[in-house]
Amino acid sequence: MAAAAVDSAMEVVPALPEEAAPEIAGLSCLVNLPGEVLEYILCCGSLTAADIGRVSSTCRRLRELCQSSGKVWKEQFRVRWPSLMKHYSPTDYVNWLEEYKVRQKAGLEARKIVASFSKRFFSEHVPCNGFSDIENLEGPEIFFEDELVCILNMEGRKALTWKYYAKKILYYLRQQKILNNLKAFLQQPDDYESYLEGAVYIDQYCNPLSDISLKDIQAQIDSIVELVCKTLRGINSRHPSLAFKAGESSMIMEIELQSQVLDAMNYVLYDQLKFKGNRMDYYNALNLYMHQVLIRRTGIPISMSLLYLTIARQLGVPLEPVNFPSHFLLRWCQGAEGATLDIFDYIYIDAFGKGKQLTVKECEYLIGQHVTAALYGVVNVKKVLQRMVGNLLSLGKREGIDQSYQLLRDSLDLYLAMYPDQVQLLLLQARLYFHLGIWPEKVLDILQHIQTLDPGQHGAVGYLVQHTLEHIERKKEEVGVEVKLRSDEKHRDVCYSIGLIMKHKRYGYNCVIYGWDPTCMMGHEWIRNMNVHSLPHGHHQPFYNVLVEDGSCRYAAQEPLVDLNESHDILEQAAAGFVWRAPCDVRIIARGGQSPGRWWVPLQRPTQRHLSTKNLALLYPFGTTVGDSPGLPEAQL
């Protein structure tokens, strides 16, 4: 009996361990691995954040390996958002799990805001107060910006509408931050002479979507300094500049030693690296952006001088900027320290002309006119930046009428940040916004400020105030119902009517029409960004407001749209995307951003068109398409 009991136990008891053995044995083998091997496995890149969360819940050993500040969550963060890693120092303590959660939340918030922009401003320019939603964002701004960059970098030409508004938001966010930094920079005392830093702020403001930083530009200049030191070592192996450490601001007083530095600089910049003044394309804004000067190795006198000045000062040569008319120069003192000096005690350096050293008479010959001694004087950082922005302002005025005048707008912002009470520039800014038909409320604010500063401008101010108020009143009137009849001669090219289910031939999405315009009603900037000019008829063709099956709304040209009436299978699939969706789950953009339930009568089965509600029928009361019954109201077909 005892034997039988043992046999019975041997048959029954081991049954459970045998079933669980593979899982238990596998976990046991895993947790017994060395910690470095386990970390390597968990950081392999094929595991998601959710996987790591599950792994850390299995046992104490794995939970300790997946601690929030450890290597595993750091790798999760790095793989998901690699561009953000440059903002963290290797020596800092970081709760990577918490950072992951905050970045994820910021990404969701960014997409929500971009979607709201698409709904609110689809058929108009974003107003000056349109960015109020993003001014009080919670969490680090760099996370929000990173998500906008991710949207811009989405593969191919997908989600063009999202990209369009993500670009606008990112442009605004970065420019506001840069402008605040510039204003703080301008508050520095006059002896704060970081000319390069000020030039980089200008570069960043005019190119907010580019990855430009003072640190990166300084690193490129440091590499040039190393080349100069290598050449200088061949001239004088004991030169004191060779002993300077990075960031050190020592100056060499002996003229001969300074001359050796300048000779080495001229050889490296103009002979070895082939930097030169851009005489062939002088009036190009790229010549004023420091990151482009370093990339293209060319510029105009002021940008080349700032590069030359920065390198010389790092090597101990105290050059100074001279705001010489028509041609920015640097000056190099030849007189004894402490002596009374005049303009003839300096040599003037033309960085645009390969570092050529000039006398006073040669400087006058360079510009073809005699100038007073005051124009040979040194200028501070603010005056240098004023001249750079002034050059950009002149180039901005050259933009063609088909442009958005973005350079002019940016340079005006920069100039007024430095000199906020410049009446003529304020008036130019008001006229520019009025011409572009944007921000009428801001135009009135600018005009009121001008009137306070200079009552003598009442004539120009009064004219603009009157026409701006008329513009605002017209916009209010346009909010009302605008009836569009396809029988009108100006609408003769409109081929499709409200409610039709269409397919976009290029992008493949199915959609339903809820509005149309006889030609594209968007601005030049939108047309250029959306590459409308690549279409055979460009923007001179009907455009349709369409509700897409994914819930988004788009503005599509007539040429790439095709009616799905002829294909019943595709028609049912397309219609189902709208028919069986709860009406209030999707919101459309134009006509006040109302839900589809306001525009479409709920359908019980797939059909070739959606039936409009009375509200939409007021906008588009009549019209026929191929196959429609003549004279029947378009909204009821």
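As the structure is a prediction and not an experimental result, all values here were calculated from the model.

**Considering helix H9 (residues 160-186)**
Consideration 1: Here H9 contains 27 residues, and its C-alpha end-to-end distance of 38 Å stays within 8% of the 39 Å for a straight helix at 1.5 Å per residue.
Consideration 2: Summarising burial for H9: 19 of the 27 residues are buried, a large majority.

**Concerning the side chain of Glu197**
Consideration 1: Here Glu197 lies in helix H10 (residues 195-206).
Consideration 2: The charged side chain of Glu197 is buried without a salt bridge, its nearest counter-charge being Arg313 at 12 Å.

**Brief notes about the pattern of salt bridges**
Consideration 1: Under the counting rule described, the total for this entry stands at 9 salt bridges.
Consideration 2: Between Glu75 and Arg78 there is a salt bridge, with its nearest N and O atoms 2.6 Å apart. Separated by 3 residues within a single helix, Glu75 and Arg78 lie in helix H6 (residues 71-80), roughly one turn from each other.
Consideration 3: Among the residues examined, Arg78 registers a relative accessible area of 37% and is labelled partly exposed.
Consideration 4: Across the pair Glu147 and Arg111 runs a salt bridge, and its minimum N-O distance is 2.7 Å. Taken together, the positions of Glu147 in helix H8 (residues 141-152) and Arg111 in helix H7 (residues 96-120) put the pair 36 residues apart, joining distant regions of the chain.
Consideration 5: Judged by relative accessible area, Glu147 falls into the buried class, the value being 8%.
Consideration 6: Because the salt bridges share partners, they merge into one network encompassing Arg103, Arg111, Asp146 and Glu147.

**Some thoughts on the sheet that holds strand E5 (residues 346-350)**
Consideration 1: The strand order across the open sheet formed by 4 strands is E3-E4-E5-E6, and the pairing between neighbours is antiparallel. Taken across any chain shown, the strands that pair with only one partner, and hence form the sheet edges, are strand E3 (320-322) and strand E6 (356-358). Direction aside, the axes of adjacent strands within the sheet are offset by 40° on average.
Consideration 2: Looking at chain direction, strand E4 (residues 329-333) and E5 are connected through 4 bridges and run antiparallel. Directly across from Leu330, in E5, lies its bridge partner Ile349.
Consideration 3: Packing of helix H14 (residues 301-314) onto the sheet brings it into contact with E3, E4 and E5, and relative to E4 it is tilted by some 30°.

**Quick word on the sheet that holds strand E8 (residues 510-517)**
Strand pairing in a sheet is mediated by backbone hydrogen bonds. Such pairs are either parallel or antiparallel.
Consideration 1: Taken in spatial order, the 5 strands make up an open sheet running E10-E9-E8-E7-E11, and their pairing is antiparallel. Each end of this open sheet is capped by a strand with a single partner; those strands are strand E10 (553-557) and strand E11 (561-563). On average, each strand axis in the sheet is tilted by 50° relative to the strand beside it, whichever way the strands run.
Consideration 2: Sheet topology places strand E9 (residues 543-548) next to E10; 5 bridges connect them, and they run antiparallel. By the bridge assignment, Asn545 is partnered in E10 with Tyr555.

Thresholds applied
Residues numbered from 1 in each chain as written. Predicted model: local features only at pLDDT ≥ 70, side-chain atom pairs only at ≥ 80, totals over all residues. Heavy atoms only, no water. Helix = DSSP H or I, 4+ residues; strand = E, 2+ residues; numbered from the N terminus. Expected span 1.5 Å × (residues − 1). Buried < 20%, exposed > 50% of the residue type's maximum accessible area, 1.4 Å probe, protein only. Lys, Arg positive; Asp, Glu negative; His and termini not counted. Salt bridge = Lys/Arg side-chain N within 4 Å of Asp/Glu carboxyl O. Pairing = 2+ DSSP bridges. Axes fitted to C-alpha atoms, helices over the stretch in contact; angles between N-to-C directions. Contact = heavy atoms within 4.5 Å.

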